[in-house]
Amino acid sequence: MTQTAEYEITRLFDAPRRRVFQAWTEPEHFSSWFGPRGLTTPVDRVVMDVRPGGRWQATLCGEEEFEVTLDGAYREVAEPARLVFTTGDPDHPGDGPASVATVELTEAGGLTTMRFHQWGVNTDQEHADQARQGWIEFFDRLDEHLTSA
């Protein structure tokens with residue numbers, strides 16, 4: 001039986017939502033924050049065709065030639081307010097985990113609230129909790145990117 005799990009993370013960024021949206025959709029920004037500390041995401045290893053049906057791919061690199069590539073497809077793109085994308089193929093996941101992530105951005109007074117929701121298939125709650133913790137670290141790096149830019 002396919003296991004499913006989901007979670008939500010809400011963050012407030014001191015940046016206009018257009019800049020936050022660009023950080024999600026432009027390789028030169030995305031590569032600066034996507035991934036855990038200790039790994040890099042070289043800009044030349046990021047592919048983004050940001051349109052419904054377009055594909056995305058990012059390769060995270062570490063020591064000793066470690067690499068892991070994540071990819072998926074965009075389902076919705078409503079600049080600068082909403083982005084829905086998959087990791088893997090949640091419609092045909094095979095045996096591996098796959099998910100749908102939704103990023104919703106609202107702006108008030110120059111600050112942006114980001115609501116991130118992820119729903120996964122072929123995963124259990126423990127894996128979802130680990131993924132949630134990973135995204136929290138990514139979003140800490142996103143915050144650093146936005147405040148340094």
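See the structure printed just above.
(A) Examining the overall build of the protein chain more closely. Along the protein chain, the regular secondary structure elements total three helices and seven strands. Taken over the C-alpha atoms alone, the protein chain extends approximately 45 × 35 × 30 Å along its principal axes. With 149 residues in all, the protein chain has 40% of them scored as buried. Expressed as a percentage of contacts within the protein chain between residues at least 6 apart in sequence, the contacts between residues at least 24 apart total 52%. Counting 13 positive and 26 negative side-chain charges, the protein chain places the centres of these two groups 6 Å from one another.

(B) Quick peek at a nonpolar patch on the surface. Nonpolar side chains collect at one region of the surface, where Phe66, Val68 and Leu70 lie side by side and expose about 220 Å² of accessible area between them. Within the secondary structure layout, Leu70 lies in strand 4 (residues 67–78). Judged by relative accessible area, which is 33%, Leu70 ranks as partly exposed.

(C) Fine view of the pairing of strand 1 (residues 4–13). Only one face of strand 1 is buried, namely the one carrying Ala5, Tyr7, Ile9, Arg11 and Phe13, since none of Thr4, Glu6, Glu8, Thr10 and Leu12 on the opposite face is buried. Pairing geometry for strand 1 and strand 7 (residues 111–121), over 10 bridges, is antiparallel. When the bridges of strand 7 are listed, Leu12 appears paired with Thr113.

(D) Region of interest: the packing of helix 1 (residues 17–25) against helix 3 (residues 125–148). Packing of helix 1 against helix 3 leaves a shortest axis separation of 11 Å and a crossing angle of 120°. On the basis of the axis angle, helix 1 is oblique to helix 3. Along this stretch, helix 1 crosses helix 3, giving a crossing that reads as right-handed. Taken together, the residues of helix 3 that come into contact with helix 1 (itself represented by Arg19, Val20, Ala23 and Trp24) are Trp135, Phe139, Leu142, His145 and Leu146. Per-class residue counts for the contact of helix 1 with helix 3 are seven nonpolar, one polar and one charged.

(E) Local environment of unusual backbone geometry. Along the chain, Glu79 connects to Pro80 via a cis peptide bond; the corresponding omega equals -5°. With respect to the helices and strands, Pro80 occurs in the loop between strand 4 and strand 5 (82–87).

(F) Spatial organisation of the nonpolar core. Core analysis: the biggest nonpolar cluster contains 32 residues, and Trp24, Trp33, Phe85, Phe116, Trp135 and Phe139 have the highest contact counts within it. Top element by residues in this core is helix 3. It accounts for six residues.

(G) Structural detail: helix 3. Its 24 residues place the ends of helix 3 35 Å apart at the C-alpha level, agreeing with the 34 Å of an ideal helix rising 1.5 Å per residue. Taken together, the buried positions of helix 3 are occupied by Ala128, Trp135, Phe138, Phe139, Arg141, Leu142, His145 and Leu146. If you follow the buried residues of helix 3, they end up packed against strand 1, helix 1, helix 2 (27–33), strand 5 and strand 7. At the N-terminal boundary of helix 3, the capping side chain belongs to Asp124, with an oxygen 3.3 Å from the backbone nitrogen of Glu126.

(H) Representation of the pairing of strand 6 (residues 98–108) within the structure. In terms of strand pairing, strand 5 meets strand 6 through six bridges, oriented antiparallel. Residue pairing for strand 6: Leu83 is matched across the bridge by Val103. Across 11 bridges, strand 6 lies against strand 7 in antiparallel orientation. The residue of strand 7 that forms the bridge with Glu104 is Arg115. What sits between strand 6 and strand 7 in their antiparallel hairpin is a turn of two residues, with Gly109 showing a positive phi close to 60°.

Quick notes on the rules
- Residues numbered from 1 in each chain as written.
- Predicted model: local features only at pLDDT ≥ 70, side-chain atom pairs only at ≥ 80, totals over all residues.
- Heavy atoms only, no water.
- Helix = DSSP H or I, 4+ residues; strand = E, 2+ residues; numbered from the N terminus.
- Buried < 20%, exposed > 50% of the residue type's maximum accessible area, 1.4 Å probe, protein only.
- Contact = heavy atoms within 4.5 Å.
- Lys, Arg positive; Asp, Glu negative; His and termini not counted.
- Charge placed at Lys NZ, Arg CZ, Asp CG, Glu CD.
- Patch = residues over 30% accessible without salt bridge, like charges linked within 9 Å, V, L, I, M, F, W, Y side chains within 5 Å.
- Areas by Shrake-Rupley, 256 points an atom, 1.4 Å probe, with all protein chains shown as cover.
- Salt bridge = Lys/Arg side-chain N within 4 Å of Asp/Glu carboxyl O.
- Pairing = 2+ DSSP bridges.
- Axes fitted to C-alpha atoms, helices over the stretch in contact; angles between N-to-C directions.
- Parallel < 35°, antiparallel > 145°, perpendicular 65-115°, else oblique.
- Left-handed = near helix turned anticlockwise from the far one by under 90°.
- Nonpolar A, V, L, I, M, F, W, Y, C, P; charged D, E, K, R; others polar.
- Core = buried A, V, L, I, M, F, W, Y, C linked by side-chain atoms within 4.5 Å.
- Expected span 1.5 Å × (residues − 1).
- Polar contact = N/O pair within 3.5 Å; in protein donor to acceptor, adjacent residues only side chain to side chain.

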